[in-house]
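Reading the structure
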Number of protein chains: 2
Amino acid sequence: MTSIFDEGLAPRDANYAVQSPVDFIERTASVYPNYPAIIHGAIRRNWAETYDRCRRLASALKGRGIHRGDTVAVMLPNIPAMVECHFAMPMIGAVLNTLNVRLDADAIGFMLEHGEAKVVIADREFGQVIKDAVSGLKNKPLVIDVDDPEYGEGVQVSDLDYEALLKEGDPEFQWSFPADEWDAISLNYTSGTTGNPKGVVYHHRGAYVNALGNQAVWSMGMHPVYLWTLPMFHCNGWCFPWTITAMAGTHVCLRRVDPEKILQLIRDHQVTHMCGAPIVLNALLNASPEAKAGIDHEVKSMTAGAAPPAQVIGAIEELGIKVTHVYGLTEVYGPVTVCAWKSEWDELPLDERAKLKARQGVRYHTMGGTMVGDPNTMEPVPKDGKTIGEIFLRGNTVMKGYLKNPTATEEAFRGGWFHTGDLAVWHEDGYLEIKDRLKDIIISGGENISTIEVEDTLYRHPAVMEAAVVARPDEKWGETPCAFVTLKPEAGDVSEEDIISFCREHLARFKVPKTVIFTDLPKTSTGKIQKFVLRDQAKELN
Amino acid sequence: MTSIFDEGLAPRDANYAVQSPVDFIERTASVYPNYPAIIHGAIRRNWAETYDRCRRLASALKGRGIHRGDTVAVMLPNIPAMVECHFAMPMIGAVLNTLNVRLDADAIGFMLEHGEAKVVIADREFGQVIKDAVSGLKNKPLVIDVDDPEYGEGVQVSDLDYEALLKEGDPEFQWSFPADEWDAISLNYTSGTTGNPKGVVYHHRGAYVNALGNQAVWSMGMHPVYLWTLPMFHCNGWCFPWTITAMAGTHVCLRRVDPEKILQLIRDHQVTHMCGAPIVLNALLNASPEAKAGIDHEVKSMTAGAAPPAQVIGAIEELGIKVTHVYGLTEVYGPVTVCAWKSEWDELPLDERAKLKARQGVRYHTMGGTMVGDPNTMEPVPKDGKTIGEIFLRGNTVMKGYLKNPTATEEAFRGGWFHTGDLAVWHEDGYLEIKDRLKDIIISGGENISTIEVEDTLYRHPAVMEAAVVARPDEKWGETPCAFVTLKPEAGDVSEEDIISFCREHLARFKVPKTVIFTDLPKTSTGKIQKFVLRDQAKELN
């Protein structure tokens, strides 16, 4: 039924604008042209220069026939060109496909073919991989080399260099917004621990909203100095290329995670914010005392994945780094829940604080809804902190879907929610806490065993460096927990029995591993432990 | 032309959510149920309680037949019910029409009839006005009295009391988002200095985006303590009812602007943020030293309209209040430009800082575009700080249009921009500075004269309390400036010649008023000087 408010009040140019994060660079370059935008080795560029370079790149690619919906793949570490690509591609409606620089030629070749990349922009460090990947393709993309002065020579693949390409472009290029905010802005392939990687498609509206959500959830002020410890190829750096630009901040680039270098950059440039896996924080702690000296300002760090254990959080805080724990996936533009901190928790003992901080928390302002429910019926579980269910997400920062994969898309969106495949409990206060991946959980004698809980216990053993727990088939119990453990180099003689009896002290009996295997752990290119390999090994034990 | 990114990737429930600011209260009430939401006299309510009351109100109104597109008018000062209405009405798709409590029965009657209000919720202070206004209406709305304990008795209009209405409602009411984010959320009448007021319609998308924009532009942290010095009936309190709620802040209510009371609330509740006209800041300065004592924390204040002069800014800063200067209109949800401050300006002398701060600045992150251009051709003026043009605005926080007024809507949106009717110059750094209203500017011998510039000069004369300048028709020059001046009570003998010679010292000769009239100035109910009355008087001088 229409009302008086529907008559003659349809959207038009004056009052409807496409939501796109590209808009932020125009504002920042116009208001703060002389403010620092990029720091990279000896390179210093302000926002006017950076905006000019983005427009040159957009215009040059357009001149070479790149249009709306064309894929431009990039194989770049966190260098200035990578920031520029996050603005230039959307300026011409092209789709930015950020490739994981740790992948091999086969994986890259698959992605270039599946994503139908028309252009590949690659750092020379990965020249050989790109050369090999492209050689197997029927439709050869245009390859553009990036010769980063911070790297050195590397392998030249193309006659066309990134800086030469920029010279083809117009720094005053009049770019335009897409006609529809639902248009694709980027393509991010999942790591594909099983089967082929899936191509996750983001759109302009979601990227815009998430960029603002990042700012709101972190209450980020103007002019943040942001250190790029998180790879920009990972969920478009969780949309921070756009957030930091919106806030007229400085992108402090970083080719690779090197703790001494990170500490030096934090000190030299008074870094205010960074993101990354807990392993980055760990690495900082293990740096030399000299490297750690002289940092006397607060650094805010957003950490996804498992929260660091209490002693790590304590030591990190002593270093002046304030950790915010978030949770997300490639399919939802990076983090969408945050362990929103409450001031009344500040007074609690470290152990309790760490326990609270380990929870994945509540939805971002900009995420529509989170729900923990039965994986099949999708009925919400009670908020009792005990009942395990799957995490479901919905809202504007959920992907468009998987590229050219309607089956996977339908499956992922069944019942009006995105199925994360992550298992969690819902606490009484509405904070969710991840217990396991759906495919990792162990069911023993009808009881759910969270492999994360068992692994947390193993990590508390002083001799354990790394641990992973998987299901081992068992005639009587169905499954039992099987632990794969890497000991610290300095660990003395530790037996299977030592580990098991340690676990008995800290875990309910049915959760204690029946088997402990001492070994190195297989990992993906992004450093994730490959549990499917371990599961195969556990099966073969029978 | 479609691309691979368009195939099978249409919006659906999991990945498309309507943007609506109502969403924020659900999040805040669920994450921070026990945090303070409302302070009003002796009343203290947390977010769980406030959310329950909003749902009760929504559900009760629905029970009484209020549906999507129905207008609910409110005649309320800044009391808790006013905050609640900003969430309850959009929960059921109703349109919140906030009435200016300073208006008389005729004006209110016009608005209730034009907006087709089905319900009027009114504070008893305005009972008589509402009674009179409603008595003249053919279709009588349901009237609901609000009996605020901070006011006392007042005039009872209805047998139905607000608190009794809430009891009809369900605190667990399952509200739903509108089907379309373009749906109307509120109706705000312009002050109508000439002719009938126009009904400005806002939509959910714009209110959502502006709520986030407020937070971003002010870099507002979590849990602001916000003092309601700005009337919520004015552009929905510039969307701050939604911003403060999103950030889980505290709404400190205030029935009327009383400097002593404001200072007491700032001190007692450690207020962090407030908004309002410069006159509010002025009033604080003139309060007693006792009232000003004991405020030792920083208060951020957003000020629209003319920026305060240097000495006021200096004194205000000494009081611990940090002023941000913004500009907007009813048609654009309140402020859309901000004088974005640069740290390098901090070191400048007070006079220069005040001069920079007086500029209306640059667009909000969430405003699409601002342009200063020729009022007719809409060609942009050069960024020379001299050429005067009209301010044009476009973007997601521009109104849907004027209710039942297609002619005015078309005129306002001509050429794809909203025509503000404000005249400004564009400085070299992209900051705009208002010079006059389009209808106020004086053209004398072919030269533009900014009445604001002349008034600023008059205000610098030590005997002048208030001043307004309008055009007086002139045979030779076309128009000449005519000044209407109210002297300070303590001012001695000041003549027309004194004022004119003072102006000669500070202004180019053609800008100096040819006529000075000492008088009280006619004002609208919102305290704006009615220049059209003065223009009529100036005409009659001939």
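Residues numbered from 1 in each chain as written. Chains lettered and ligands numbered in written order. Predicted model: local features only at pLDDT ≥ 70, side-chain atom pairs only at ≥ 80, totals over all residues.

Regarding the sheet that holds strand S3 (residues 71-75) of chain A
All names here are of chain A. The strand order S6-S5-S3-S4-S7-S8-S18 describes an open sheet built from 7 strands, whose pairing is mixed. Of all strands in the sheet, those with a lone pairing partner are strand S6 (142-146) and strand S18 (401-402), marking the two edges. Inspection of the sheet shows strand S8 (residues 199-203) paired to S18 by 2 bridges, in the antiparallel sense. Across the sheet, the residue bridging to valine 200 is tyrosine 402, located in S18. (Pairing = 2+ DSSP bridges. Helix = DSSP H or I, 4+ residues; strand = E, 2+ residues; numbered from the N terminus.)

Structural notes on the packing of helix H1 (residues 22-31) of chain A against helix H2 (residues 47-63) of chain A
All names here are of chain A. Contact geometry of H1 with H2 gives a least axis separation of 8 Å together with a crossing angle of 140 degrees. Relative to H2, the element H1 is oriented oblique. Note that H1 runs across H2; the crossing there is left-handed. Residues Ile25, Thr28 and Ala29 of H1 form the contact with H2, whose participating residues are Trp47, Ala48, Tyr51 and Cys54. Across the contact of H1 with H2, the residue classes tally to 6 nonpolar, 1 polar and no charged. (Axes fitted to C-alpha atoms, helices over the stretch in contact; angles between N-to-C directions. Parallel < 35°, antiparallel > 145°, perpendicular 65-115°, else oblique. Left-handed = near helix turned anticlockwise from the far one by under 90°. Contact = placed C-beta atoms within 7 Å. Nonpolar A, V, L, I, M, F, W, Y, C, P; charged D, E, K, R; others polar.)

Notes on the sheet that holds strand S4 (residues 95-98) of chain B
Residues and elements named next belong to chain B. The sheet built from 7 strands is open, its strands ordered S6-S5-S3-S4-S7-S8-S18 with mixed pairing. Two strands lie at the open edges of the sheet, namely strand S6 (142-146) and strand S18 (401-402), each paired on one side alone. Pairing analysis gives 5 bridges linking strand S3 (residues 71-75) to strand S5 (residues 117-123), with the strands arranged parallel. The residue bridging threonine 71 from the neighbouring strand is alanine 117, located in S5. Where helix H5 (residues 127-135) meets the sheet, it contacts S3, S5 and S6, and its direction lies at approximately 160 degrees from that of S5.

A few points about the relation of the copies chain A and chain B
Put simply, the two copies of the chain differ by a rotation about an axis and a shift along that axis. Turning chain A through 180 degrees and shifting it by 0.0 Å along the axis lays it on chain B, with an RMSD of 0.1 Å. On this basis, the relationship between the two copies can be described by a two-fold rotation axis. A share of 100% of the interface residues of chain A reappears at the interface of chain B, consistent with the copies meeting face to face through the same patch. (Least-squares fit on C-alpha atoms with pLDDT ≥ 70 in both.)

Quick look at the environment of leucine 285 of chain B
Residues and elements named next belong to chain B. Inspection of the secondary structure puts leucine 285 in helix H11 (residues 278-285). Assessed through the 16 C-beta atoms surrounding it within 10 Å, leucine 285 is described here as partly exposed. Separated by 30 residues in the primary sequence, leucine 285 and alanine 315 have C-alpha atoms spaced 7.3 Å apart. Residues in contact with leucine 285, not counting those within four places in the same chain, are Val312, Ala315 and Ile316. (Buried ≥ 20, exposed ≤ 12 C-beta atoms within 10 Å, placed from the backbone.)

A word on the packing of helix H7 (residues 204-218) of chain A against helix H7 (residues 204-218) of chain B
Following both chains from N to C, one finds H7 of chain A and H7 of chain B inclined at 55 degrees, their axes separated by 10 Å at the closest point. Taken together, H7 of chain A and H7 of chain B sit at an angle that is classed as oblique. For the element pair H7 of chain A and H7 of chain B, the recorded crossing hand is left-handed. Touching Leu212, Gln215 and Ala216 of chain A of H7 of chain A are Leu212, Gln215 and Ala216 of chain B, all from H7 of chain B. Residues belonging to the contact of H7 of chain A with H7 of chain B are distributed by class as follows: 4 nonpolar, 2 polar and no charged.

A closer look at the interface of chain A and chain B
Taken together, the contact pairs 51 residues of chain A with 51 residues of chain B. When contributions to the side of chain A that touches chain B are tallied by element, the ones reaching two or more residues are H1, H7, strand S15 (362-363) and helix H15 (406-412) of chain A. With 4 residues, H1 of chain A is the single largest residue contributor to the side of chain A that touches chain B. Of the residues in the side of chain A that touches chain B, the class split is 26 nonpolar, 16 polar and 9 charged.

Some points on the confidence of the model for chain A
A residue-level look at chain A finds 98% of positions with pLDDT of 70 or above and a mean pLDDT of 93. At the level of chain-chain contacts, confidence expressed as ipTM amounts to 0.89, with global pTM at 0.90. (pLDDT = per-residue confidence, 0-100.)

Brief notes about the environment of glycine 445 of chain B
All names here are of chain B. Inspection of the secondary structure puts glycine 445 in the loop between strand S21 (442-444) and strand S22 (447-449). For glycine 445, a count of 12 C-beta atoms within 10 Å corresponds to the exposed category. Once the C-alpha coordinates of glycine 445 and aspartate 474 are considered, the two residues, 29 residues apart in sequence, prove to be 9.7 Å apart. Excluding its chain neighbours within four sequence positions, the residues that come into contact with glycine 445 are Trp477, Gly478 and Phe510.

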